[in-house]
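# Working through the structure, step by step
Spelled out, the chains give:
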Amino acid sequence: MNRDADRPGPRLATRSVAKVWGRTQLPAPFARVESEPVGEIWFEPGALMPDILVKYLFTSAKLSVQVHPRAGEAGKGVPGKDECWLVVDAEPGARLAIGFDRPINRDEMRAAALDGSIEERLIWHEAAAGDFFYLPAGTVHAIGAGISLVEVQQNTDITYRLFDYGRPRELHLDQALAVASGEVYRGALHRRIDPETDVCLVEGPHFRVDQLIGMPGSEWRAGFRGACQVLPLAGEVVIAGAVIAPGESAVAVSPSAVDFTASQRCLVVGAV
């Protein structure tokens, strides 16, 4: 459902995406009841940044074990899907699976997907607010129940499922095995982020993501080139006269076009 398609200005339209693993009771900043489980809230990319998609995910059950292809692997000219996650809330015991506990070849991966043991071969990370993960395309992963996170990704929705816990949804085993990395997930791609500190979360190869606390300094503004998408997590920003609050997102031609005076914590995303 596109709730904001007719709203003018820099504020991006949102789309609620139903998922079997989603929630009917959405948490803050949305805090509303849905008639069917909503798993994702998308901020529709605008003309300034068409190649990047930012969204919230809310889980009440495990997502499938899945993988996204690299550029060209799904067809000539089709982009890949690198993505990153910032956990904003997690229930006690919530977990995320990323990569394997030891290297695995394609035959072993196929067998594990068919008998369900692939879950046990993945590395499951305890999830808490502030956990940040970067997932290069080709990384096998799954998200567990009880998690709310922000995802920044290349703007393509090609997903290959290897295993789905017996749910009646299509699997894509051959396509997944053709693109999946059987390597152990690199620990350097996972960090715990202080929610009160400015930090660059990602700087390439496909996008840049910064966490800003309060008003950014002139050095940061000078170093951030081109258009940006702003996602307030606490407080508000103003872009072209529009007040953008948590649960909303907007684009600006540059950081200098954003008024951060009332911002407390936000994510700023840029193209690379």
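Everything numeric here is computed off the predicted structure, so don't read it as measured data. (Residues numbered from 1 in each chain as written. Predicted model: local features only at pLDDT ≥ 70, side-chain atom pairs only at ≥ 80, totals over all residues. Heavy atoms only, no water.)

### Observations concerning the sheet that holds strand β16 (residues 237-239)
Across the sheet, 3 strands lie side by side as β17-β16-β19; this open sheet has antiparallel pairing. At either margin of the open sheet sits one strand with a lone partner, and together these are β17 (242-244) and β19 (258-259). (Pairing = 2+ DSSP bridges. Helix = DSSP H or I, 4+ residues; strand = E, 2+ residues; numbered from the N terminus.)

### A short note on the pattern of salt bridges
Going through the model one piece at a time under the given rule, you end up with 15 salt bridges. A salt bridge links K55 to E40, with the shortest nitrogen-to-oxygen separation between them at 3.5 Å. On the criterion of sequence distance, the pair formed by K55 in strand β3 (residues 52-58) and E40 in strand β2 (residues 33-43) is long-range, its members being 15 residues apart. Between K55 and E151 there is a salt bridge whose closest N-O contact spans 3.6 Å. In this pair, K55 is assigned in strand β3 and E151 in strand β10 (residues 147-154), connecting sequence segments 96 residues apart. Both residues of the pair, K55 and E151, count as buried. (Salt bridge = Lys/Arg side-chain N within 4 Å of Asp/Glu carboxyl O. Buried < 20%, exposed > 50% of the residue type's maximum accessible area, 1.4 Å probe, protein only.)

### What about the layout of surface pockets?
One number sums up the size of the largest pocket: a volume of about 290 Å³. K19, E40, Q66, D157 and T159 are the residues nearest the centre of the largest pocket, which is lined by 22 residues in total. Elements that contribute at least two residues to the lining of the largest pocket include exactly β1 (14-25), β2, β3, β5 (83-90) and β9 (141-143). At 3 residues, the largest contribution of residues to the lining of the largest pocket is made by β1. Residues of the lining of the largest pocket, tallied by class, amount to 7 nonpolar, 6 polar and 9 charged. In this structure, the second largest pocket encloses a volume near 230 Å³. Together, 16 residues line the second largest pocket, and A28, V88, D89, L233 and R265 are the ones closest to its centre. The leading source of residues in the lining of the second largest pocket is β5, at 3 residues. In terms of residue class, the lining of the second largest pocket is made up of 12 nonpolar, 2 polar and 2 charged. (1 Å grid on protein atoms, 1.4 Å probe; cavity = no way out; pocket = protein on both sides within 12 Å on 5 of 7 lines; lining within 4 Å. Points joined across faces, edges and corners; volume = space filled by probe spheres on them. Nonpolar A, V, L, I, M, F, W, Y, C, P; charged D, E, K, R; others polar.)

### Let's talk about unusual backbone geometry
That bond from A28 to P29 is cis: its omega, 10 degrees, falls within 30 degrees of zero. Mapped onto the fold, P29 is located in the loop between β1 and β2. The omega torsion across G204 and P205 is 5 degrees, close enough to zero to call that bond cis. With respect to the helices and strands, the residue P205 is situated in the loop between β13 (199-203) and β14 (207-213).

### Section: the environment of G204
Along the polypeptide, G204 turns up in the loop between β13 and β14. Through-space distance from the C-alpha of G204 to that of W42 is 22 Å; in sequence the pair is 162 residues apart. Setting aside anything within four residues of it in sequence, one finds G204 in contact with Y134 and V272. (Contact = heavy atoms within 4.5 Å.)

### Here we look at the packing of aromatic side chains
Across all of its chains, the model carries 9 aromatic pairs by this definition. Cluster of aromatic residues (ring-pair linked, three or more members): F30, F43, Y56 and F58. (Phe/Tyr/Trp six-rings, centres within 6.5 Å; stacked < 30°, edge-to-face > 60°.)

### With respect to the sheet that holds β5
Two modes of strand pairing occur in sheets, parallel and antiparallel, and in both the strands are linked by backbone hydrogen bonds. Strands sit in the order β1-β2-β3-β10-β5-β8-β12 across an open sheet of 7 strands; the sheet is antiparallel. A strand with exactly one partner marks an edge of an open sheet, and here the two such strands are β1 and β12 (190-192). When the angles between neighbouring strand axes are averaged without regard to direction, this sheet yields 25 degrees. (Axes fitted to C-alpha atoms, helices over the stretch in contact; angles between N-to-C directions.)

### Quick word on the side chain of E119
The topology assignment puts E119 in helix α2 (residues 118-121). At 2.6 Å, the side chain of E119 forms a polar contact with the side chain of K62. Not counting residues up to four positions away in its chain, the partners in contact with E119 are K62, W124, F163 and Y165. (Polar contact = N/O pair within 3.5 Å; in protein donor to acceptor, adjacent residues only side chain to side chain.)

### Side note on the environment of A271
One can find A271 in strand β20 (residues 263-271). Apart from the residues lying within four places of it in its own chain, the contact partners of A271 are M49, I52 and A227.

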